[in-house]
Amino acid sequence: MTPLTRKLLVAFAVLGLAASAAATYVHYNLIRNPDYSSFCDINATVTCRAAYLSRFGSFAGVPVALWGAFFFLGILLLLWASLGKNPVRDSAASYIFAASTLGLGAVIYLAYASFFVLKEVCPLCVATYVAVIGLFVVSGGASSVPMTSLPRRAVRDVGALFAAPLALIVAGAFVIGAAWSAVSFPRAMERPAVAEAPPLAANQKTEFEKWWDMQPALPDYPFPSDGAKVVIVEFADFQCPHCRQMYFAYKPVLEKYLSANSKDVKFLFKPWPLSSRCNASVPSVHFAATCEASAAYVLAAQKGTGEQLKDWLFLHQEELTPDTVRRAAADVGKISDFDAQFPKVIETIKADAAIGTKLGVNSTPSFFVNGKRVPEGGVPPQYMDALIDLELKRATR
C-alpha cells in the first residue's frame, strides 16, 4: 500500500465516520425529541429527519447511522493495525476492499430507498455514500491479495495481532464499545404489543351472529359500497387513548382482509376530533392538537401517504402538539403547504364529523359495518374478525 493510497483511505474513512457520527447524533435527538430540527433539515426534499425515522433508518433495531460509525471506525483501526512490519500490512487493502464491497451493496440499497421511495436527499447519508464508494475504488486498485485467500489469511492475521497486548486491548475495547452503543441507544417508539386473541368458539360465533342480526341497519347510510361486499367505517380521534389501543388491535385484522380481499373489503377512516374547534358536536377542547392531526391525515390521504402518517400520529400520540403535527405532516405526509390548506380542509373535517354525529357517534372510536353500528368503543379484535368473515360469506352466497 503506497503512502498516497493510505492517505486516501484514511480520508474517506474519516469522512464516513464524521458523517455517521453526526447522523447518529441527529437520530438520537429525533427519538428523544419529536420537535428536534437538525442542521440538515433544509426543506421537504433535502432533509435527514424523514430518512432516519423511516423503516430504512434502522437495521435489527439499531440505527443505520450507528452501523456506519462501526464500519468506518473498523476501517480506521484496520489501517492503524497495518502500520509497521506485520502480516496485516500486505492484506489490509484487500480486507478493506472486501468490507467496502458489502458496504457498497448497502449504500446502493439505501440510496435507492432515499431517492426513489422516500423521494428525498439526506446530506449526511450522501456523505457516507461518497465515503464508501471512495473506499471501494481506492482499495480495489490497491488490493493485491486474491479474495479466495482472505479467509485463511484472516485467521493468521488475527492470531498475529492478538499476540500483541495493545492490539488485543484495542480490539476488545472496540467490540465492547460497539455492543454497548447498540444496546444502550434509545429505541424509536414501537407499536404496542397486542396479544393474539384466541378465535371464537362455535357457540360464541353463533351467539354473536344472532346478536348482530338483531342490530338495525341505519337509514340513509351515506357511505356507498362501490362494489365492495363489506364496508367498515371508523370515526376516531388521534389523541384519544382508546382510539390508539383499538387502532393497533384492529390493524392486523384489517390488513388481513384488505390484502386478501382488496375488492371485496373497503375501509374508511374518518376523523371525529374531540375539540370544539373543528367538531360542532363537542362542547370543549379535549385535545390541543387533534384538529391539526385530523387535517394532516386528510391531506396526507389525498397524497397517498395517509396510512404512514396515521401510523406515526398514533405511535407518537403522547407527544402530539400543533407544531409536532405540522412537522410530521411535512416529513411523513409530504405536505409542503399545510398552513395554507388548513382552513379549507378543516371544513371537510367539520362536515365529516357532522355526518358521524348524525349516525349517532358521540364518543371515539365508533365503528360501522355494512350500515350497522358496532357496540360503542368497538368489540374485541376476534369479534371484528368474525364479523367481517360473516359479512363476506353472506355476500357471496
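Model, not experiment: these values are computed from the prediction. (Residues numbered from 1 in each chain as written. Predicted model: local features only at pLDDT ≥ 70, side-chain atom pairs only at ≥ 80, totals over all residues. Heavy atoms only, no water.)

Draft legend 1. Structural view of the sheet that holds strand β4 (residues 265–271). Taken together, four strands build an open sheet; the order of strands is β4-β3-β5-β6 and the sheet is mixed. Two strands close off the open sheet at either side, each with one partner strand: β4 and β6 (372–373). Judged from the four bridges that link them, strand β3 (residues 230–236) and strand β5 (residues 366–369) form a sheet pairing that is antiparallel. Directly across from V233, in β5, lies its bridge partner F368. (Pairing = 2+ DSSP bridges. Helix = DSSP H or I, 4+ residues; strand = E, 2+ residues; numbered from the N terminus.)

Draft legend 2. Structural view of the pattern of salt bridges. For the structure on display, the rule yields 14 salt bridges. Note that D213 and R394 form a salt bridge whose closest N and O atoms lie 2.6 Å from each other. Linking D213 in helix α8 (residues 202–214) with R394 in helix α14 (residues 381–396), this pair joins segments that are 181 residues apart in sequence. A residue is classified by how much of its surface remains accessible, and D213, at 43% relative accessible area, is partly exposed. A cluster of three or more residues bridged by salt bridges with shared partners is formed by K251, E255 and D311. (Salt bridge = Lys/Arg side-chain N within 4 Å of Asp/Glu carboxyl O. Buried < 20%, exposed > 50% of the residue type's maximum accessible area, 1.4 Å probe, protein only.)

Draft legend 3. Region of interest: the packing of aromatic side chains. Applying the stated rule across the entire model yields 24 aromatic pairs. On the numbers, 6.0 Å between centres and 90° between planes, the contact of W67 with F70 is edge-to-face. With W67 and F70 both in helix α3 (residues 64–81) and three residues apart, the pair spans about one turn of that helix. Given a relative accessible area of 37%, W67 falls into the partly exposed group. With a centroid separation of 5.2 Å and 25° between ring planes, the pair formed by F97 and F136 is classed as stacked. With F97 in helix α4 (residues 88–117) and F136 in helix α5 (residues 123–142), this residue pair connects regions lying 39 residues apart in the sequence. Every member of this aromatic cluster is reached through a ring pair, and the members are F238, Y247, F248, F269, Y297 and F314. (Phe/Tyr/Trp six-rings, centres within 6.5 Å; stacked < 30°, edge-to-face > 60°.)

Draft legend 4. How the structure looks around the pairing of β4. Of all seven residues in β4, six are buried; the element is thus mostly enclosed. Sheet analysis places β3 next to β4, joined by seven bridges and oriented parallel. From the neighbouring strand, F235 faces β4, where its bridge partner is K270. Considered for its hand, the β-α-β crossover made up of β3, helix α9 (residues 241–260) and β4 is right-handed. (Right-handed = clockwise from strand over helix to strand, strands pointing away.)

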